[in-house]
Number of protein chains: 2
Amino acid sequence: MDRIRVAVVMAGGSGERFWPLSRRSTPKQLLPLTESGQTLLQESVARVASVIPPEQVFIITSAQIRDAAAAACSVPDGNVLAEPCKRNTAGCLAFAAAHVLARFNVPAEKITMAVLTADQGIGDGAAFRNCVSAALEDVERQPSLGVIGITPTRPETGYGYIELPEDLIPASVSAEGVAVYPVARFHEKPDAETAAAFVASGRHLWNSGMFFWTLSTFLAELGHASPVHAAAVESMTAALRVGDAARVESEFTALPNISIDYALMEKARNIVMARGEFRWEDIGSWEAVSRIFPHDEQGNVVNGDAVLLDTRDSIVFKTPGASETAVGVLGLDNIVVVVTGDAVLVMPRDRSQDVRKVVEELRNRNSDRL
Amino acid sequence: MDRIRVAVVMAGGSGERFWPLSRRSTPKQLLPLTESGQTLLQESVARVASVIPPEQVFIITSAQIRDAAAAACSVPDGNVLAEPCKRNTAGCLAFAAAHVLARFNVPAEKITMAVLTADQGIGDGAAFRNCVSAALEDVERQPSLGVIGITPTRPETGYGYIELPEDLIPASVSAEGVAVYPVARFHEKPDAETAAAFVASGRHLWNSGMFFWTLSTFLAELGHASPVHAAAVESMTAALRVGDAARVESEFTALPNISIDYALMEKARNIVMARGEFRWEDIGSWEAVSRIFPHDEQGNVVNGDAVLLDTRDSIVFKTPGASETAVGVLGLDNIVVVVTGDAVLVMPRDRSQDVRKVVEELRNRNSDRL
């Protein structure tokens, strides 16, 4: 029996930090936040296309944006799945595993799953695909959970880090030259000093949040680390096979709201890391967008037509919905100005994390339309 | 023969510093830039109403906004006059004097003219009217040119100053207690050090830009100071009396483009100043608007619905045309954010003087619509 490779793209986030670009109906992953003009989700699906065929690519998202996501992506409509509610990444991947097992009537050890996200900017498609292939091959060769680590280019405190053993001897090297290492341990988001030490060590890489495993290894490790999730995969798979949507929903809803890092990865015994040699950004803030888009001579990122005078290191983002709106920014540095057809946001570049407070206050005052 | 008092409201400015509020079709004087909700022009006309009846109030403006100005104000349509082109305040007042002389068939010494502007915020209507009455009475009593001086409340470098004689003895005091002084000299906009010395002296008052004179004194003084303007008043008056609009236009267009301060006041021999005891602002910048509108506890001026978080000493101005636009400002101090139905401007408070550069650049890129 042939091995089946599937990709699961987690696309359930809301991305409130990108308000007013992001809305409940058009969250971050449905926005064109890189210079390609494609949405992050479209990019994510296109990027993996030559490694895994579209019929084997699944998108897990919310009911609210399922149709928009399905319409935007070149995967079969039935592969775009809405979670009944939010149960964090552990719930999302249990849900995805059950759907994949129910869809392909083959043993779990014959299915390899690549878990990707829909909110990353990745520079070099070929290097990315080589890395994904290396990770898939490695976890298919021996039972392990695979991740992709990115060589850090700055002491970023917003990412988790993967620590490699001191000897830095790869467990394998793929035909394309991608090294796969055993993982010594994971580190949560560090403080600035620790981040600087990590970058200097050469042994700490950014955790890209992508995962690779055969479903048999996944289920076995999950059975140790979080039996409730492992049991839910089994019962949801059975329910899906008989078309019992209500049982899927009740099983899923009963799951705890925890991340896959906490539920599985931190407790797992055999983790390997493929070293990603491509530009990678978690597009979680305007800072990240600024790193991806081209800059003018004054260090500004300008999307859409706007006049910037005596303005430096700023981000001015105008959506097509605001194409008839003249935008002028004068005499400001390190500022973000976002103009859509029905909203305007102005803030310093480093205040992305507080945008949700603005959204909350606007919701309190107005309505749900925003 | 009874004396006739007329008011001339100069309303020809463009106010580009208030873009995107101000446009070619709705310049500053047609904007509600004070908390009354009325436009500056409406306020100006209403303020003088109890001193001078509407039939004797004239508005001098440009052809482009004449109809809008006439529609907005409670003066007869025929009293709203469009200048054929821009010839500064000296040209404007020669034009106005000719129209007044042609309209009222009485000798020039029987007509007193109050020259007001349409871009000032004035706090106390009664004190203003008492001051205007005192100035009118004084210039009717003996041949002189009258101005209104405002006791300075800060070392403003953006205004001209009026210097009083050292003895500070009034030439007259009106029944309402308004003192009228002889003027020693005028000073152009001073530097900061000079402005501070002016404020400390007690003898230097802000020049409010309002003028008072009988038309006979005006013409006599103008005949000395700028014969070309005096001659133009006579020939335009004659042309208006026979309905020769073409001759009015050619006479007007031939005038030099200079201010009344330069053409007349700096050379005039007998100038008096009524001391204005009311809050007065030349609304020439967002700084001035900020001084007029009420502030919240963080020192912000907010017009229209907007969410400001962690933002201080800023001005957020949203027009009714943008009522459906959600506006959020986060983590900024001393900023101006203007949002209209078709434009957004963001800048520090002290950069008003450079807004025209933004407008120029937008015009270059787009069209004349802005």
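Residues numbered from 1 in each chain as written. Chains lettered and ligands numbered in written order. Predicted model: local features only at pLDDT ≥ 70, side-chain atom pairs only at ≥ 80, totals over all residues.

**Student:** Would you explain the overall build of chain A in this entry?
**Tutor:** If you tally the helices and strands in chain A, you get eleven helices and 19 strands. Over its C-alpha trace chain A gives a radius of gyration of 21 Å, about what one expects of a compact globule, namely 21 Å for 370 residues. Its C-alpha atoms give chain A principal-axis dimensions of about 65 × 50 × 35 Å. Counting across all 370 residues of chain A, residues that qualify as buried make up 50%. For chain A, the proportion of contacts with a sequence separation of at least 24, taken over those separated by at least 6, is 65%. (Helix = DSSP H or I, 4+ residues; strand = E, 2+ residues; numbered from the N terminus. Rg over C-alpha atoms; globule rule 2.2 N^0.38 Å. Buried ≥ 20, exposed ≤ 12 C-beta atoms within 10 Å, placed from the backbone. Contact = placed C-beta atoms within 7 Å.)

**Student:** Mind showing me how you'd approach the domain arrangement of chain A here?
**Tutor:** Interfaces are frequently sized by the accessible area removed from exposure as the parts join. Residues and elements named next belong to chain A. Domain boundaries assigned for chain A yield domain 1 (4-282) and domain 2 (294-365). One C-alpha centre belongs to domain 1, the other to domain 2, and the line joining them spans 31 Å. Every contact between the two is made by six residues of domain 1 and, on the other side, twelve residues of domain 2. Looking at the side of domain 1 that touches domain 2, its residues break down into three nonpolar, no polar and three charged. (Domains from an automatic or database assignment. Nonpolar A, V, L, I, M, F, W, Y, C, P; charged D, E, K, R; others polar.)

**Student:** Hey, could you run me through the environment of Ile169 of chain B in this one?
**Tutor:** Within the secondary structure, Ile169 of chain B is located in the loop between β7 (161-163) and β8 (172-173). Expressed as a C-alpha distance, the spacing of Ile169 of chain B and Asp354 of chain B, which sit 185 residues apart in the sequence, is 42 Å.

**Student:** Quick question: what am I supposed to make of the relation of the copies chain A and chain B here?
**Tutor:** Between the two chain copies there is a screw-like relation: a rotation about an axis and a shift along it. Least-squares fitting of chain A to chain B yields an RMSD of 0.0 Å, with the transformation described by 0.0 Å of translation along the axis and a rotation of 180°. Expressed as an axis order, the relation between the two copies is that of a two-fold axis. Interface residue correspondence from chain A to chain B reaches 100%, placing this contact among same-surface, isologous pairings. (Least-squares fit on C-alpha atoms with pLDDT ≥ 70 in both.)

**Student:** How do you make sense of the interface of chain A and chain B when you look at a structure like this?
**Tutor:** Chain A puts 32 residues into the contact, and the matching count from chain B is 32 residues. Elements represented by at least two residues in the side of chain A that touches chain B include exactly β15 (307-309), β17 (326-330), β18 (335-339), β19 (343-348) and α11 (355-365) of chain A. Here the side of chain A that touches chain B is composed, by residue class, of 20 nonpolar, four polar and eight charged.

**Student:** What am I meant to see in the sheet that holds strand β16 (residues 315-318) of chain B here?
**Tutor:** Strand pairing in a sheet is mediated by backbone hydrogen bonds. Such pairs are either parallel or antiparallel. Pairing in this open sheet of six strands is mixed, and the strands run β15(A)-β17(A)-β19(B)-β18(B)-β16(B)-β14(B) from one edge to the other. Here the strands that pair on one side only, and so sit at the sheet edges, are β15 of chain A together with β14 (301-303) of chain B. Going across the sheet, the axis of each strand differs from the next one's by a mean of 5°, ignoring polarity. Helix α11 (residues 355-365) of chain B contacts β15 and β17 of chain A together with β19 (343-348) of chain B of the sheet and is inclined by roughly 145° relative to β15 of chain A. (Pairing = 2+ DSSP bridges. Axes fitted to C-alpha atoms, helices over the stretch in contact; angles between N-to-C directions.)

**Student:** Honestly, unusual backbone geometry in this entry has me stumped. Any pointers?
**Tutor:** The bulk of non-glycine residues show a negative phi, and the bulk of peptide bonds are trans. All names here are of chain A. With an omega dihedral of 5°, the bond running from Trp19 to Pro20 counts as a cis peptide bond. Looking at where Pro20 falls in the secondary structure, it is placed in the loop between β1 (4-10) and α1 (40-48). Residue Leu168 is not a glycine yet carries a positive backbone phi of 55°. A positive phi angle, near 50°, is found at Asp310, a position not held by glycine. Position of Asp310 among the secondary structure elements: in the loop between β15 and β16 (315-318).

**Student:** I keep staring at the nonpolar core and nothing clicks. Help me out?
**Tutor:** Among soluble globular proteins, nonpolar side chains are generally buried collectively. Counting 250 residues, the largest nonpolar core has Val8, Val9 and Met273 of chain A together with Val8, Val9 and Met273 of chain B as the members making the most contacts within it. In this structure, Val9 of chain A is in contact with Leu41, Ser44, Val45, Val57, Ile59, Leu116 and Ala118 of chain A, ignoring residues within four places of it in sequence. (Core = buried A, V, L, I, M, F, W, Y, C linked by C-beta atoms within 7 Å.)

**Student:** Just checking my understanding: could you explain the pairing of strand β6 (residues 145-150) of chain A for this structure?
**Tutor:** If a strand is regular, its side chains alternate between the two faces of the sheet. Residues and elements named next belong to chain A. Counting buried residues along β6, six of its six residues qualify, which places the element largely inside the surrounding structure. Examined bridge by bridge, β6 and strand β12 (residues 271-276) share six bridges and lie parallel to one another. Residue pairing in the sheet places Ile150 in a bridge with Gly276 of β12. Here β6 runs beside strand β11 (residues 204-214); their pairing, made up of four bridges, is antiparallel. By the bridge assignment, Gly146 is partnered in β11 with Phe212.

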